[in-house]
Amino acid sequence: MSRAFPEGFLWGAATAAHQIEGNNINSNWWVHENEPGTTIVEPSGDAADSYHRYREDIALLADLGLNSYRFSIEWARIEPERGLVSRASIDHYRRMVDACHEFGIQPIVTLMHFTVPRWFERDGFWRAPDAADLFARYTELALPVVSSGVEFVCTINEPNIAAMLAGGEDASNLVAYGLPRPDLGVADALLESHKRSREVLSQVPGLKTGWTIATQAFEAADEPGAEEKKQEISSSAEDWYLVNAADDDFIGVQAYTRNIVGPEGIRPPAPEVEKTLTGWEYFPAASAIGVRAAWELSDHTPVMITENGIATQDDARRIDYTRGALEGLRDCIDEGITLLGYQHWSALDNYEWASGFAPTFGLIGWDRETFARTPKPSARWYGEVAKANAI
Ligand code: BGC
């Protein structure tokens, strides 16, 4: 039985600048990747060279049958030194928006996907008293990129994870089991930055703005004290961010797996469950759970899946996982939830932060020496779903 999605549903794939562009040398991550003794397994280097190959990447997505592309623009390129503006970089990102339209792809632009300029981190990072002013100023610089032909802008990617990373605990925790404790001062600064950025973006008529939240499908173990612990973790790691999206135009949900919580805290996945290359439980229902939580806690703000996917070498599992996720999302639509689209993570195999290039999330692979792109069977499968607008 085929189940149709609403007309105009945004079928796309997502990427982030630092993870695919290559040579993002003025960003804070570049600094950390290349520090002696770093726990980051390898530097991003040329990554997928998408900074130069973006037209080919966008054309490929269009060719597959997708109608949208979520990508991020890089603050460290637009403002490589404090107060020094690179017009060439702004033009570059404007050309990406234009290329999307040339190929019939709707661009969805993220302003900040984890990475910041090295000077911003040096000058206090999200704890600096002027952090929100600086982010608002960067948003103003980025206005030409989104001033026409863009309907959705994501201000800040996963502020809930960013607040954990900025907490000073080991960054490699990002992809390992467990979640470092969020820094609540940083969380406040991110919310303030998000609001200031939205204010700047409101100058563009019709532009819809929101932030994107990593939902964790927290689930209490059947033990005394587990439910209380779950609520305690969920409220600062997830719920607060969803509640604070109530006035936004949309909310992005980024879901991968679930987290079982015992009275002592989050547990590693049980030994017998299937795990992906990031060590997470294979759990396609994560997206639907995230969407329902976002819809309820944000008081019915329209939701978009801005990331969902699986790191695997077994592409058949990617298809199976995505089908499972989409079936759950179709149920959410039946329940009356406004779901705007689905952006699969990721368009390309990419630099998975502290884990380097090994966890392959991409619908499209590429050669490490020639950068030649090869769509995987999952990309073709997903393109057919998009074209049919149904599973
Ligand atoms: C991030 C991506 C990351 C993905 C898989 C999300 O937390 O936004 O940058 O690659 O999950 O770990």
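Our subject is the structure listed above.
Now for a description of the structure that goes with this document. (Residues numbered from 1 in each chain as written. Predicted model: local features only at pLDDT ≥ 70, side-chain atom pairs only at ≥ 80, totals over all residues. Heavy atoms only, no water.)

Re the site of the ligand
Move 1: Surrounding the ligand, one finds 13 residues, the nearest of these being Gln19, His113, Glu158, Glu307 and Glu352.
Move 2: Within the side chain of Gln19, an N or O atom sits 2.7 Å from an oxygen atom of the ligand.
Move 3: Between the ligand and the protein, one listed contact pairs an oxygen atom with a side-chain N or O atom of His113 at 2.9 Å. (Near = heavy atom within 4 Å. Polar contact = N/O pair within 3.5 Å; in protein donor to acceptor, adjacent residues only side chain to side chain.)

Some words on the pairing of strand E2 (residues 68-72)
Move 1: For E2, the tally of buried residues reaches 5 of 5 residues, placing the bulk of the element in the interior.
Move 2: Residues Ser68, Arg70 and Ser72 point to one face of E2 and Tyr69 and Phe71 to the other, with burial holding for every one of them.
Move 3: Bridge count for strand E1 (residues 10-14) against E2 is 3 bridges, and the pairing is parallel. Residue Gly12 lies in a different strand from E2, and its bridge partner there is Ser68.
Move 4: Across 5 bridges, the pairing between E2 and strand E3 (residues 106-112) is parallel. In the sheet register, Tyr69 faces E3, and the bridge partner there is Pro107. (Buried < 20%, exposed > 50% of the residue type's maximum accessible area, 1.4 Å probe, protein only. Helix = DSSP H or I, 4+ residues; strand = E, 2+ residues; numbered from the N terminus. Pairing = 2+ DSSP bridges.)

Some thoughts on helix H7 (residues 131-146)
Move 1: Between its terminal C-alpha atoms H7 stretches 22 Å, which fits the 22 Å expected from 16 residues at 1.5 Å a residue.
Move 2: Its maximal kink placed at Glu140, H7 deviates by approximately 30 degrees, while the proline Pro144 follows within four residues.
Move 3: With 12 of 16 residues buried, H7 is to be regarded as a mostly interior element.
Move 4: All buried positions along H7 are accounted for by Ala131, Ala132, Leu134, Phe135, Ala136, Tyr138, Thr139, Leu141, Ala142, Leu143, Val145 and Val146.
Move 5: The elements touched by buried residues of H7 are helix H4 (75-78), helix H5 (87-102), E3, helix H6 (118-122), strand E4 (152-157) and helix H9 (184-201). (Expected span 1.5 Å × (residues − 1). Bend = angle between axes of the 7 residues up to and from the residue. Contact = heavy atoms within 4.5 Å.)

Focus on the pattern of salt bridges
Move 1: Applying the stated criterion to the full structure yields 31 salt bridges.
Move 2: Of the charged contacts, one joins Arg77 and Glu21 as a salt bridge, the two residues approaching to 2.7 Å between their closest N and O atoms. In this pair, Arg77 is assigned in helix H4 and Glu21 in the loop between helix H1 (17-20) and helix H2 (28-33), connecting sequence segments 56 residues apart. With respect to class, Arg77 is no different from Glu21; both count as buried.
Move 3: We note a salt bridge from Asp320 to Arg317, for which the minimum N-O separation is 3.2 Å. Of this pair, Asp320 and Arg317 both sit in helix H12 (residues 315-334), 3 residues apart, roughly one helical turn.
Move 4: The structure contains a network of salt bridges with shared partners spanning Arg3, Arg330, Asp331 and Asp334. (Salt bridge = Lys/Arg side-chain N within 4 Å of Asp/Glu carboxyl O.)

Some thoughts on the sheet that holds strand E8 (residues 259-262)
In a beta sheet, neighbouring strands are held together by backbone hydrogen bonds and run either parallel or antiparallel to one another.
Move 1: Reading across the sheet, the 3 strands line up as E6-E8-E9 and stay open at both edges, with mixed pairing between neighbours. The open sheet has two edge strands, strand E6 (218-220) and strand E9 (265-266), and neither has a second partner.
Move 2: Sheet topology places E8 next to E9; 2 bridges connect them, and they run antiparallel. Looking across to E9, one finds that Gly262 is bridged to Gly265.
Move 3: Packing of helix H10 (residues 226-243) onto the sheet brings it into contact with E6, E8 and E9, and relative to E6 it is tilted by some 165 degrees. (Axes fitted to C-alpha atoms, helices over the stretch in contact; angles between N-to-C directions.)

Bear in mind that shape data such as this cannot, by itself, settle questions of function.
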